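Tertiary structure, described
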Amino acid sequence: MLTFETLQGAALHPLLPALARLRIEVFRDWPYLYEGDEAYEADYLRSYAESAGAAVVVCRDGETPVGIATCEPMAGTHATVRGAFTAAGLDPARFCYFGESVLRRGYRGQGAGVAFFRHREAQARALGLAYATFCAVRRDPADPRRPADYVPLDDFWRKRGYTPYPGLTCTFSWRGPGEAAEQPHTLSFWIKSLDGAPLP
């Protein structure tokens, strides 16, 4: 049976190496196609341990981490994300930013995705934030690297109450498997009101 725990601060430090390897493993696949580096990933995750209000939801099979999902007040996240909201006339101080949600392939379809959203939304509400948001990478549906059995998550996200926000995007660069240099990628934002108020 899968278990879920929301961790913050120093409680994250012993898990950083295992969580870094997990990110690398899952993000190599479509749609992210991300070539990670263990030292960079551990340093990235360490920022959640050191950021006020940030949390990591860890999914375990027994004692083994098999998935993670992250969240933090947007005021403390990447300047690229904050800048996209500010440019669109949205106040970052009202948002909880949901970072990655990664889960090993063999554990998908068992409710982990729903649990990840539930735990992160609880953290956002505890922080008094009005909205939750995340971004998803845009990929060409005709890309030959797209697996034949891939099912987009758009319907799943809508069932969780998230709505794509037209025109709100940001750009991050990363190196894909087999690529010599980083390439820019556009990501689109989805937003949910946590208190029933209209979307901004």
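Attention in this report is confined to the structure presented alongside it. (Residues numbered from 1 in each chain as written. Predicted model: local features only at pLDDT ≥ 70, side-chain atom pairs only at ≥ 80, totals over all residues. Heavy atoms only, no water.)

1. Side note on the overall build of the protein chain
Scanning the protein chain for helices and strands turns up five helices and seven strands. Against the globule reference of 16 Å for 200 residues, the protein chain gives a C-alpha radius of gyration of 16 Å, in line with a compact fold. By its C-alpha atoms, the protein chain is 40 × 40 × 30 Å across when sized along the principal axes. With 200 residues in all, the protein chain has 44% of them scored as buried. In the protein chain, the proportion of contacts linking residues at least 24 apart, taken out of those at least 6 apart, comes to 70%. Treating the 22 positive side-chain charges of the protein chain as one cloud and the 23 negative ones as another, the clouds have centres 4 Å apart. (Helix = DSSP H or I, 4+ residues; strand = E, 2+ residues; numbered from the N terminus. Rg over C-alpha atoms; globule rule 2.2 N^0.38 Å. Buried < 20%, exposed > 50% of the residue type's maximum accessible area, 1.4 Å probe, protein only. Contact = heavy atoms within 4.5 Å. Lys, Arg positive; Asp, Glu negative; His and termini not counted. Charge placed at Lys NZ, Arg CZ, Asp CG, Glu CD.)

2. Digging into the packing of aromatic side chains
Within this structure, the stated rule accounts for 18 aromatic pairs. Aromatic side chains F95 and Y131 sit 5.2 Å apart centroid to centroid with 25° between the ring planes, which places their arrangement in the stacked category. You can see F95 sitting in strand 4 (residues 95-103) and its partner Y131 sitting in strand 5 (residues 131-137), a full 36 residues away along the chain. The pair F95 / Y131 is uniform in exposure class, with both members buried. For the pair F117 and Y162, a centre-to-centre distance of 4.9 Å together with 40° between the ring planes defines the contact as tilted. (Phe/Tyr/Trp six-rings, centres within 6.5 Å; stacked < 30°, edge-to-face > 60°.)

3. Considerations on the sheet that holds strand 7 (residues 183-193)
Spatially, 1-2-3-4-5-7-6 is the arrangement adopted by the seven strands of the open sheet, whose pairing is mixed. Strands with a single pairing partner mark the edges of an open sheet, and in this sheet they are strand 1 (2-7) and strand 6 (163-174). For this sheet, the mean angle separating the axes of adjacent strands, direction not counted, is 25°. Inspection of the sheet shows strand 5 paired to strand 7 by seven bridges, in the antiparallel sense. Directly across from F134, in strand 7, lies its bridge partner W190. (Pairing = 2+ DSSP bridges. Axes fitted to C-alpha atoms, helices over the stretch in contact; angles between N-to-C directions.)

4. Brief notes about the nonpolar core
Most often, soluble globular proteins have nonpolar side chains that are buried together. Counting residues in each nonpolar core, the largest one holds 37 residues, and the members touching the most others are L19, I68, F85 and F189. Listed by contribution, the elements that provide at least two residues to this core are helix 1 (16-27), helix 2 (38-50), strand 2 (55-61), helix 3 (79-87), strand 4, strand 5, strand 6 and strand 7. Broken down by element, the residue count for this core peaks at six residues, all from helix 1. Residues within four places of L19 in sequence aside, it is in contact with L12, L45, V56, V58, P65 and I68. Among the nonpolar cores identified, the runner-up in size contains 14 residues, and A124, L129, F134 and W190 belong to it. (Core = buried A, V, L, I, M, F, W, Y, C linked by side-chain atoms within 4.5 Å.)

5. Notes on unusual backbone geometry
Cis geometry marks the peptide bond from W30 to P31, where omega comes out at 10°. Summarising the element assignment, P31 is placed in the loop between helix 1 and helix 2. At L33, a residue that is not glycine, the phi angle is positive and equals roughly 50°. Along the chain, the position of L33 falls in the loop between helix 1 and helix 2.

6. As for helix 4 (residues 112-126)
Each α-helix winds once per 3.6 residues, and so residues spaced three or four apart point in a common direction. The first and last C-alpha atoms of helix 4 sit 21 Å apart over 15 residues, in line with the 21 Å expected at 1.5 Å per residue. Burial in helix 4 covers these residues: A112, A115, F116, F117, R120, E121, Q123 and A124. In the stretch just after helix 4, G128 is the one whose phi turns positive, near 75°. (Expected span 1.5 Å × (residues − 1).)

7. So, the environment of K159
Following the sequence through the fold, K159 ends up in helix 5 (residues 154-159). Taking the C-alpha atoms as reference, K159 lies 9.7 Å from V114; in sequence the two are 45 residues apart.

8. Comments concerning helix 3
The set of residues buried in helix 3 consists of V81, A84 and F85. Buried residues along helix 3 cover an arc of 95° about the axis, so they all sit on one side. Of the exposed residues in helix 3, the ones pointing more than 90 degrees away from its buried face are A79, T86 and A87. Among the structural elements, strand 4, strand 5, strand 6 and strand 7 are those in contact with the buried residues of helix 3. At the C-terminal side of helix 3, G89 shows a positive phi close to 80°. (Arc of directions from axis to C-beta.)

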